[in-house]
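The primary structure of each chain is shown beneath.
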Amino acid sequence: MAEDVLYTTVVHAGEDPKANLGSLSVPIYQSAVFTFPDAEQGAAIHEGEQPGYFYGRMGNPTQSALETALCQIEGGEAALALASGMAAVTTTLMTLLRSGDHIVAPESLYATTNALLDQLLTPLGVSVTYVDATDPGNYAAAIRPETRVAYLESPANPTMKLVDIPAVVAIAKERGITTVMDNTFATPFNQRPLTLGVDIVVHSATKYLGGHGDLMAGALIGKREVVERARWQTNKILGGVIGPQTAWLILRGIKTLALRMERHNANALAVATFLSGHPKVRAVHYPGLPSHPDYALACRQMAGFGGMLAFDVGGVEEGRRLVNTVRLCSLAVSLGDVSTLIQHSASMTHASVPRERRLAVGITDGLLRLSVGIERAEDIIADLAGALDRV
Ligand code: LCS
């Protein structure tokens, strides 16, 4: 497995006591406005020609500390923290795409990203080709002269399919196409796409970066030129700004990212191993199992296999019965919480995807997605074992 873990970096990411009267914890700058020293500097700050703050929609020192931390943990030049993961995906794609442009995206994708492409960008004149992203050759085949973005999500929500990051980066770079990758499932503890050549990483920080299921946030990290255009052009208009208290909570969450991810990784592997030996489980999708079709790729491009897995218990009825029977696992969408969360993809996160399309990409009727928490692995397994007995 690639060794690229961040035990020390995460603990200190974003700290700057010199800039904050010695405060080791980054202060929460609860202000929407900042005064200008004088008219000349005010004009320069307002136009982004001189560093400084003036209005909360364009930045706040607590937000900046979080952005520094995100650059440190993902290995990026610049970052923009936003109000949600969808704000990050939307702001990134609206920065990079115009009417007449084309994007290649995986057919197995977080459903609201699908909705962004189909319901918002397509009517604005952007064309989309969905590909089976498990074969990088499909990206190459889909590219047209007007292709501007190759989009990646790996592992994919909820199928846990992988994309060969260096292979897709090579195809895109050769043709001058920008790569954007959703790294929410893996987190920078397990996978650092920017170090593999990806241009922009997006996150739902609502998940592992925050880590406790108590906030909504998102971020894009990577090439400075794109990030600053996203800040000064796109988000200035879209306005999906992060609040300073939320930014601070994510800074705090990042301090324990390595500890939490280590435990999420170990627990998910234990649960996946248990499920794969259970007679009522038809399939388990976890990149850390040698039975996963891309296990070898996971070993190459991931430092750990993550806390997410999916498993199939047959049909809709069996799926519903299982999620109604578990006790320790909470029946809830979202993921990356310290608590174990279970959900039935066909009727919840991917209910908006037509059944034929769902089945074609592997979201079967009985597919359950598990966000394995940091409880004792034996307790999670006992809960699932008890519920499986009653399915
Ligand atoms: N990207 C991925 C891979 C996600 O899983 C989600 C949310 C987002 C982006 C959007 O982030 P948000 O705006 O919610 O912060 N995923 C969810 C899920 O699977 N269940 O509920 C939300």
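Let me sum up the structure you'll find in this document. Remember, predicted model here, so these are calculated numbers, not experimental data. Throughout this document, residue positions are counted from 1 along each chain, in the order its sequence is written. In view of the model being predicted, local features appear only for residues whose pLDDT reaches at least 70, and side-chain atom pairs are presented and counted only at 80 or more, with totals across whole chains, interfaces and linings using the full set of residues. The basis for the side-chain values is all heavy atoms of the structure; hydrogens and waters are excluded.

1. Focus: the pattern of salt bridges
Threshold: By definition, a salt bridge exists where a carboxyl oxygen of Asp or Glu is found within 4 Å of a side-chain nitrogen of Lys or Arg. Think of it this way: any DSSP run of H or I at least four residues long counts as a helix, any run of E at least two long counts as a strand, and we number them from the N terminus. Three exposure classes are used, based on accessible area relative to the maximum for each residue type with a 1.4 Å probe and protein chains only: buried under 20%, partly exposed in between, and exposed over 50%.
All chains considered together, the criterion is met by 12 salt bridges. The residue Arg-231 makes a salt bridge to Glu-67 at a minimum N-O spacing of 3.1 Å. With a gap of 164 residues between them, Arg-231 in helix H9 (residues 224-238) and Glu-67 in helix H3 (residues 61-74) connect regions that are remote in the sequence. Its relative accessible area of 12% is what places Arg-231 among the buried residues. A residue is classified by how much of its surface remains accessible, and Glu-67, at 7% relative accessible area, is buried. Between Arg-148 and Asp-101 there is a salt bridge, with its nearest N and O atoms 3.7 Å apart. Taken together, the residues span a long stretch of sequence, with Arg-148 in strand S4 (residues 147-153) and Asp-101 in the loop between helix H4 (85-96) and strand S2 (102-106) at a distance of 47 residues. Judged by relative accessible area, Arg-148 falls into the partly exposed class, the value being 36%. Of the residues examined, Asp-101 reaches a relative accessible area of 11% and is grouped as buried. Several salt bridges converge on common partners, so that one network encompasses Glu-67, Glu-228 and Arg-231.

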